[in-house]
Amino acid sequence: MIEQQVGASTVFMLNYQALRGFFYRHRERTIALVLLAIALSAIASLAIITLFIFKEGLPIIVRMGLDRFLLSSDWYPLEGEFGIFPMIVGSLAVTAGAMVIGGTLGLSCAIVLIQFCPPRAVIFLKPCIELLAGIPSVVYGFIGVMFLVPLIRDYLGGPGLSVLASSVVLGVMILPTVTSISVDALQAVPPRYREGSIAIGATEWQTTHRVLLKAARSGIVAAIILGMGRAVGETMAVIMVAGNTLELPHSILDPVRTLTSNIALEMSYATGDHRKALFATGVILFVIVMFLNTIALTISRNRRSDKK
Amino acid sequence: MILSPTRAQYLAVTLMWTLALVTISALLFVILFILVRGLPHISWEFLSQSPRSMGREGGIFPMIIGTLLVTGLAVLIAAPIGVGTAIYLTEYTRESKLTAVIRFGADCLAGIPSIIYGLFGFVFFVITLGMGLSLISGALTLAIMVLPTIIRTSEEAIRAVPQTYRYVSYGLGSTRWQMVTQVVLRTALPGIGTGLVLSIGRSISETAAVMLTAGSALGIPKSLFDSSRTLALHFYTLSREGISMPNAYATASVLILAILVINVVAYWLMHQFTTRIA
């Protein structure tokens, strides 16, 4: 009995020492392997997210048929009718509006920061725009409801909860994304382009829009597409200001429901096929966002390899 | 009518500055709109009491605890993974197909909307792994969500460490790991810290993903497997269901103040880092 115990612990000690010796000899290689495993976790997470969203959502799409799921306007969860056409239109409408507002403001901020702004003001402006990105989306939605929606209702008509309200709120929310990536793109333009343009007598504005913006065009496009991705995916702010009706909007003053708000609104009580249909909505959203991101990534990757 | 270049210059500069100032005023408006209405309602009682009658009265103490726990855990889980990935990408490998795949993964994760993270966390952590609507489900979901931010900022910080530091460390006979931990990481620490602080900010602001994974129980969580409501979700519920506007404004003020502090700290860390490198 005692002998056995001693034996076991000796074996354990030996093993332990052997193991320690092994690690000591191959320490660097072990560390490299562990780090590689850690580094793969990002791509593994992406894979597992894709897998689970599709696993839950695809069956409903297959059963309904992709065309009927995408193009039907009948969303009657209790009767098993799931058509998300109005939500796709809703998402596209608010995203387009957000692009106009966020793109204009964001790009202007980037140009001011790079071209027209004294360095001292940059120190103040840049953190402000970063702060804008940090404010919770629910706060934006709340201000939309308390301030913007009554304004639209009183002065432009309609219920106030509308495509327009969502576009403004989303526009402000995606502006920091557009600005920071455009700033990077503009900064990457070689200084000699700018110097050359100024040297041949162009004004600062001519230099900006004929030289800088042209040279940084692809980066700015990438910035705007990434902004679009954020706008399509934004949820809480949109729920609060979009009105969430299931009808097709006829003007920018009409309320809409987006893909994201459809999921967030109904997820709390959905069960069975209804829940699966919400995951299917998620699949469509996922595909749209991934498509936009891949375009933006490819553009910025090409830029980087062009430079080399 | 064709504008003369000087006049076009004048008009364009005016227009650009106007739009930039509109942006800044939007920011100031958002902050002041909330703080002016909310700050008067913040008191010690509000911060230290539990909510009564669904948040109509009482305070937000359990939500503060819930937010701190979910956020803290998320960053604690994501930090070693994110920093480890950054170390691997910068110090342990060359640019290859593999690093391209890893970067692609991180970039894609950064673009996924929070509601999709919510759906995933719900079906994976809450249901498949059986963790239920709980702090830990919420924290794990948020950890994946902030991972790309941490990877990106850590990688930039590590790359900014001058190459000479590495040569000196090798010259003194250190191994790669000693060089990484004692020279590179030590120098890059404030830069990495900026990323971590920004991820804390992102987790605090997050609502959609937390709603589907951490649930909305009003009590103080007693274990990691208890459901807990975060500040952002509490604010959303208060305002959306019109439970109590004064309390909604006050909760939003707490959120805004937290975000302000976080941004100042992140900015300060970044400043520390750039002066250290320069």
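Above this text you will find the structure in question.
Cut-offs and rules
- Residues numbered from 1 in each chain as written.
- Chains lettered and ligands numbered in written order.
- Predicted model: local features only at pLDDT ≥ 70, side-chain atom pairs only at ≥ 80, totals over all residues.
- Heavy atoms only, no water.
- Helix = DSSP H or I, 4+ residues; strand = E, 2+ residues; numbered from the N terminus.
- Contact = heavy atoms within 4.5 Å.
- Areas by Shrake-Rupley, 256 points an atom, 1.4 Å probe, with all protein chains shown as cover.
- Lys, Arg positive; Asp, Glu negative; His and termini not counted.
- Charge placed at Lys NZ, Arg CZ, Asp CG, Glu CD.
- Phe/Tyr/Trp six-rings, centres within 6.5 Å; stacked < 30°, edge-to-face > 60°.
- Lys NZ or Arg CZ within 6 Å of the ring centre and 35° of its normal.
- Buried area = accessible area lost by both parts, 1.4 Å probe.
- Salt bridge = Lys/Arg side-chain N within 4 Å of Asp/Glu carboxyl O.
- Polar contact = N/O pair within 3.5 Å; in protein donor to acceptor, adjacent residues only side chain to side chain.
- Axes fitted to C-alpha atoms, helices over the stretch in contact; angles between N-to-C directions.
- Parallel < 35°, antiparallel > 145°, perpendicular 65-115°, else oblique.
- Left-handed = near helix turned anticlockwise from the far one by under 90°.
- Nonpolar A, V, L, I, M, F, W, Y, C, P; charged D, E, K, R; others polar.
- Expected span 1.5 Å × (residues − 1).
- Bend = angle between axes of the 7 residues up to and from the residue.
- Buried < 20%, exposed > 50% of the residue type's maximum accessible area, 1.4 Å probe, protein only.

**Student:** Account for the overall build of chain B, naming residues and giving values.
**Tutor:** Check the secondary structure of chain B and you find eleven helices and two strands. Overall, chain B shows an N-to-C arrangement of helices and strands of α-α-β-β-α-α-α-α-α-α-α-α-α. Oriented by its inertia axes, the alpha-carbon framework of chain B measures out at about 70 × 65 × 35 Å. The contacts of chain B with a sequence gap of at least 6 include a subset with a gap of at least 24, amounting to 73%. Here chain B has roughly 12000 Å² of accessible surface; of this, 68% comes from carbon and sulfur atoms. Averaging the locations of the 17 positively and 10 negatively charged side chains of chain B gives two centres separated by 6 Å.

**Student:** Go over the packing of aromatic side chains with me, naming the residues and quoting the values.
**Tutor:** Throughout the structure, instances matching the rule amount to 13 aromatic pairs over all chains. Ring centres of A:Phe147 and B:Phe29 lie 4.6 Å apart, and the angle between their planes is 55 degrees; this geometry places the pair in the tilted category. Residue A:Phe147 is located in helix α6 (residues 137-155), and its partner B:Phe29 is located in helix α1 (residues 5-38); the two belong to separate chains. Here the aromatic residues A:Phe142, A:Phe147, B:Phe29, B:Phe33, B:Phe235 and B:Tyr249 are joined through ring pairs into a cluster of three or more. When the ring centre of B:Phe33 is taken as reference, the NZ or CZ atom of B:Arg37 above it lies at 4.1 Å.

**Student:** So, the interface of chain A and chain B: which residues are in play, and what are the values?
**Tutor:** Taken together, the contact pairs 73 residues of chain A with 73 residues of chain B. Both sides together, the interface formed by chain A and chain B hides about 6600 Å², and carbon and sulfur atoms give 84% of it. For the salt bridge of B:Asp107 with A:Arg301, the shortest nitrogen-to-oxygen distance reads 3.9 Å. For the interface between chain A and chain B, the tally reads six residue pairs in polar contact (both at pLDDT 80 or more). The biggest single contributor to the side of chain A that touches chain B is helix α2 (residues 27-64) of chain A, with 19 residues.

**Student:** Give me the lowdown on the packing of α6(A) against helix α11 (residues 245-277) of chain B, citing residues and values where you can.
**Tutor:** Running from amino to carboxyl end, α6(A) crosses α11(B) at an angle of 140 degrees, the nearest separation of the two axes being 11 Å. By the angle between their axes, α6(A) is oblique relative to α11(B). For the crossing formed where α6(A) meets α11(B), the hand is left-handed. For the pair α6(A) and α11(B), the contacting residues are A:Val139, A:Phe142 and A:Met146 in the first and B:Met245, B:Tyr249 and B:Ile256 in the second. Taken together, the residues of the contact of α6(A) with α11(B) sort by class into six nonpolar, no polar and no charged.

**Student:** Go over helix α8 (residues 176-205) of chain B, please, and point to the residues and values.
**Tutor:** With 30 residues, α8(B) should cover 44 Å at 1.5 Å per step; its first-to-last C-alpha distance of 38 Å lies more than 12% under that length. At B:Leu189, α8(B) shows its strongest bend, of approximately 60 degrees, with the proline B:Pro190 following within four residues.

**Student:** So, unusual backbone geometry: which residues are in play, and what are the values?
**Tutor:** One non-glycine residue, A:Asn244, lies in positive phi territory at about 65 degrees. Position of A:Asn244 relative to the elements: it lies in the loop between α11 (236-242) and α12 (259-266).

**Student:** Before we move on, can you summarise the pattern of salt bridges with the specific residues and values?
**Tutor:** For the coordinates displayed, the defined rule picks out eleven salt bridges over all chains. Note that A:Arg194 and A:Glu204 form a salt bridge whose closest N and O atoms lie 3.6 Å from each other. Of the two residues, A:Arg194 is situated in helix α8 (residues 191-199) and A:Glu204 in helix α9 (residues 204-215); the sequence distance between them amounts to ten residues. Ionic pairing is found between B:Glu155 and B:Arg159, a salt bridge with its closest N-O pair at 3.1 Å. Taken together, the residues span about one helical turn, with B:Glu155 and B:Arg159 both in helix α6 (residues 135-160) at a distance of four residues. According to the relative accessible area criterion, B:Arg159 is partly exposed, its value standing at 44%. One continuous salt-bridge network, built from bridges that share partners, spans B:Glu95, B:Arg103, B:Glu155 and B:Arg159.

**Student:** Quick rundown of the environment of B:Leu255? Include the residues and the values.
**Tutor:** Tracing the sequence through the fold places B:Leu255 in helix α11. B:Leu255 gets classed as buried once you look at its relative accessible area, which sits at 0%. It is 9.9 Å that separates the C-alpha atoms of B:Leu255 and B:Ile34, two residues lying 221 residues apart in sequence. In this view, B:Leu255 contacts A:Pro136, B:Ile204, B:Leu231, B:Ala232 and B:Phe235; residues no more than four positions away in its chain are not counted.

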